[in-house]
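Single-letter residue listing:
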Amino acid sequence: MQEPLLGAEGRDYDTFPEKPPPSPGERTRVGVLQNKRVFLATFAAVLGNFSFGYALVYTSPVIPALEHSSDPNLNLSKTQASWFGSVFTLGAAAGGLSAMVLNDLLGRKLSIMFSAVPSAAGYALMAGAHGLWMLLLGRMLTGFAGGLTAACIPVYVSEIAPPSVRGALGATPQLMAVFGSLSLYALGLLLPWRWLAVAGEGPVLIMVLLLSCMPNSPRFLLSKGRDTEALQALAWLRGADADTHWEFEQIQDTVQRQSSRLSWAEARDPHMYRPIAIALLMRFLQQLTGITPILVYLQPIFGSTAVLLPPKDDAAIVGAVRLLSVLIAALTMDLAGRKVLLFVSGYAMGWGPITWLLMSEILPLRARGVASGLCVLVSWLTAFALTKSFLLVTNAFGLQAPFFFFAAVCLVNLAFTGCCVPETKGRSLEQIESFFRTGRRSFLR
């Protein structure tokens, strides 16, 4: 098991200004205003995750309704239902691929705002659908928006949050995605499927309005040479009474040392490829736990089992339990640490929120935009393969076949966590990056 990132020596830890960081007492005095503004900016961003979670499980109540639709143009066969459920993940993969460019071209904030365009268009298509192609295109567009936000929001949140609350805030993207899913399940008890798509437009509009008033990431602004804007953004986030000079100089030093374009030769350097490899494997293994096909087909899964409650009610209960679990993870992540929760908790408390947070924490700054997009691309291509094949496998072999596979993957995840995942609790992004750069401990040990 990895040791905490303490006591590392060498010049990589001496590059920051000699002025020590503010004392705990000083941080406490300015922490209230600082956290209020960071929380506001985080809330504005993670509304995109709410829409993502809402759109992801949209098919759960809609597939049963369309399988019994009296309209021959909308009546779904099993094969069509599998495409309707899985095409979202193809869109998400394309969104992750686009984030590899947009994250560093437009910046984290503008990329999140841009996602509102395909999201709103996708919901509109599904609300007014009169044929299968409109449903599929709408699902793909909302998936594209989800993949884009999944790559951009964790990076934005990790770059604006101070280390003391970065763990809790890092769980908010997953928290809002789960809340979005629960909202869909709850509304599915009340609204017909077209109105479910109409209701999805609301959070998208609110996100754009709020996020337009928020600052961009200071790290992104510094990487573009916009130092004055970066200092203003950091001062706004930390509050007027906060001393931001030490943090600004620390970020500036890191950005200056990594301002040049990453070459293929440098990408082969262990301090670059190791954190990227860890992040990619985390995203791959997270999807192999089967969470996406389970959520996409949750109501049909319950419909094929001998449960007492109606499938709609069971889906809503699962959504509520997931929300409670992510809330617990958000409250305990900065106390217990990331690895402890990965070991002892279920998906919603561990491999759900923590892998997204760790991805945004450990990726090197020079490759963060591209690498986060690559992680989302790998994640959603894996999700597509599982989601497309899930109904076919269950029809042929029963529910036990995929669930035994998912259980075996969870055992692999435990070994991977113990061998490869570092503990990042309470460390700044600069310290985490220096940890990989020093080479004092192999990430495979």
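Residues numbered from 1 in each chain as written. Predicted model: local features only at pLDDT ≥ 70, side-chain atom pairs only at ≥ 80, totals over all residues. Heavy atoms only, no water.

Engineer: When you look at helix 10 (residues 201–211) in this model, what are you seeing that I'm missing?
Structural biologist: Every α-helical turn comprises 3.6 residues, leaving residues that sit three or four positions apart pointing alike. Of the residues making up helix 10, those classed as buried are Pro-203, Val-204, Met-207 and Leu-211. Looking down the long axis of helix 10, one finds its buried residues gathered within 105° of arc, a one-sided arrangement. Among the exposed residues of helix 10, those pointing more than 90 degrees away from its buried face are Leu-205 and Leu-209. (Buried < 20%, exposed > 50% of the residue type's maximum accessible area, 1.4 Å probe, protein only. Helix = DSSP H or I, 4+ residues; strand = E, 2+ residues; numbered from the N terminus. Arc of directions from axis to C-beta.)

Engineer: Is there a simple way to explain the pattern of salt bridges in this structure?
Structural biologist: Should their charged atoms come close, side chains of opposite charge can pair. The final tally for this structure, using the stated rule, is 4 salt bridges. For Lys-78, the salt bridge goes to Glu-67, with nearest N and O atoms at 3.7 Å. In this pair, Lys-78 sits in helix 3 (residues 78–105) while Glu-67 sits in helix 2 (residues 59–67), placing the two residues 11 residues apart along the sequence. On the basis of relative accessible area, Glu-67 is assigned to the partly exposed category, the value being 24%. A salt bridge links Glu-247 to Arg-238; its shortest N-O distance comes to 2.8 Å. (Salt bridge = Lys/Arg side-chain N within 4 Å of Asp/Glu carboxyl O.)

Engineer: Please clarify how the environment of Thr-42 should be interpreted in this entry.
Structural biologist: Here Thr-42 is to be found in helix 1 (residues 24–56). Spatially, the C-alpha atoms of Thr-42 and Val-157 are 6.0 Å apart, while their sequence positions differ by 115 residues. In this structure Thr-42 touches Val-157, Ile-160, Leu-169 and Thr-172, once residues within four positions along its chain are discounted. A polar contact of 2.8 Å, which involves the side chain of Thr-42, links it to the backbone oxygen of Val-38. (Contact = heavy atoms within 4.5 Å. Polar contact = N/O pair within 3.5 Å; in protein donor to acceptor, adjacent residues only side chain to side chain.)

Engineer: Got a minute to help me understand the packing of aromatic side chains in this structure?
Structural biologist: Two descriptors summarise a pair of aromatic rings, namely the distance from one centre to the other and the angle between the planes of the rings. Counting across every chain of the model gives 11 aromatic pairs. Taking the centre distance of 5.5 Å and the plane angle of 65° together, the rings of Phe-50 and Phe-179 count as edge-to-face. With Phe-50 in helix 1 and Phe-179 in helix 8 (residues 172–188), this pair connects stretches of sequence that are 129 residues apart. Exposure remark for Phe-50: the relative accessible area of 12% places this residue in the buried category. An aromatic cluster is built from Tyr-297, Phe-390, Phe-403, Phe-405 and Phe-406, whose rings are joined through pairwise contacts. (Phe/Tyr/Trp six-rings, centres within 6.5 Å; stacked < 30°, edge-to-face > 60°.)

Engineer: Teacher, can you tell me more about the environment of Pro-353 here?
Structural biologist: Within the element layout of this structure, Pro-353 appears in helix 21 (residues 353–362). Note on Pro-353: relative accessible area 0%, which makes it buried. With 181 residues separating them in the primary sequence, Pro-353 and Thr-172 have C-alpha atoms 7.8 Å apart.

Engineer: Looking at this structure, I do not really get empty space enclosed by the protein. What am I missing?
Structural biologist: Summary: where empty space remains is shown by rolling a probe the size of a single water molecule over the atoms. Tallied over the entire structure, the rule returns 4 cavities of 30 Å³ or more. In this structure, the largest cavity occupies an estimated 210 Å³ of space. Along its surface, the largest cavity is lined by 20 residues, and Phe-52, Leu-56, Gln-174, Tyr-347 and Trp-356 are the ones closest to its centre. Of all the elements in the fold, those that place two or more residues in the lining of the largest cavity are helix 1, helix 8, helix 15 (270–288) and helix 16 (291–296). The element best represented in the lining of the largest cavity is helix 8, accounting for 5 residues. By residue class, the composition of the lining of the largest cavity is 11 nonpolar, 7 polar and 2 charged. Empty space within the second largest cavity amounts to approximately 80 Å³. The wall of the second largest cavity is formed by 13 residues, among which Gly-48, Ser-51, Ser-115, Ser-119 and Ala-145 lie closest to the centre. (1 Å grid on protein atoms, 1.4 Å probe; cavity = no way out; pocket = protein on both sides within 12 Å on 5 of 7 lines; lining within 4 Å. Points joined across faces, edges and corners; volume = space filled by probe spheres on them. Nonpolar A, V, L, I, M, F, W, Y, C, P; charged D, E, K, R; others polar.)

Engineer: Would you mind showing me how to read the confidence of the model for the chain here?
Structural biologist: The predicted coordinates of low-pLDDT regions are not to be read in fine detail. Taken as a whole, the chain shows an average pLDDT of 81; of its residues, 87% reach a score of 70 or greater. Of all the helices and strands in the chain, helix 14 (residues 264–267) carries the lowest mean pLDDT, 65, while helix 5 (residues 116–127) carries the highest, 95. For residues 1–19, every residue scores under 50 in pLDDT, and the model assigns this stretch 47 contacts once sequence neighbours within four places are set aside. Contacts for the low-pLDDT stretch residues 441–445, under 50 throughout, to residues beyond four places or in other chains number 18 contacts. (pLDDT = per-residue confidence, 0-100.)

Engineer: Hey, could you run me through helix 6 (residues 132–160) in this one?
Structural biologist: Its 29 residues give helix 6 an end-to-end C-alpha distance of 42 Å, which sits within 8% of 42 Å, the value for a rise of 1.5 Å per residue. At Thr-149, helix 6 shows its largest kink, close to 25°. Among the 29 residues in helix 6, 23 count as buried, and that is most of the element. (Expected span 1.5 Å × (residues − 1). Bend = angle between axes of the 7 residues up to and from the residue.)

Engineer: What should I look at first to understand the packing of helix 3 against helix 6 in this one?
Structural biologist: The description of two helices packed together rests on the angle between their axes and the distance between the axes. Closest axis-to-axis distance for the helix 3/helix 6 pair is 6 Å, and the angle between their directions is 40°. When the axis of helix 3 is compared with that of helix 6, the two are oblique. When the axes of helix 3 and helix 6 are compared, the crossing they make is right-handed. In terms of residue class, the contact of helix 3 with helix 6 is built from 18 nonpolar, 10 polar and 1 charged. (Axes fitted to C-alpha atoms, helices over the stretch in contact; angles between N-to-C directions. Parallel < 35°, antiparallel > 145°, perpendicular 65-115°, else oblique. Left-handed = near helix turned anticlockwise from the far one by under 90°.)

Engineer: Just to check I follow, could you spell out the environment of Tyr-54 for this structure?
Structural biologist: By secondary structure assignment, the location of Tyr-54 is in helix 1. Between the alpha carbons of Tyr-54 and Ser-183 there is a distance of 7.0 Å; along the sequence they are 129 residues apart. Once residues lying within four places of it in the same chain are set aside, the contact partners of Tyr-54 are Tyr-123, Gly-180, Ser-181, Ser-183, Leu-184, Leu-187, Leu-196, Ala-199 and Gly-200.

Engineer: What is the right way to look at a nonpolar patch on the surface in this model?
Structural biologist: The grouping of Val-101, Leu-105, Leu-106, Leu-110, Phe-114 and Val-117 at the surface amounts to a nonpolar patch, some 530 Å² of accessible area in total. Residue assignment for the nonpolar patch shows that the elements contributing at least two residues are helix 3 and helix 4 (108–114). Along the chain, Leu-106 falls in the loop between helix 3 and helix 4. (Patch = residues over 30% accessible without salt bridge, like charges linked within 9 Å, V, L, I, M, F, W, Y side chains within 5 Å. Areas by Shrake-Rupley, 256 points an atom, 1.4 Å probe, with all protein chains shown as cover.)

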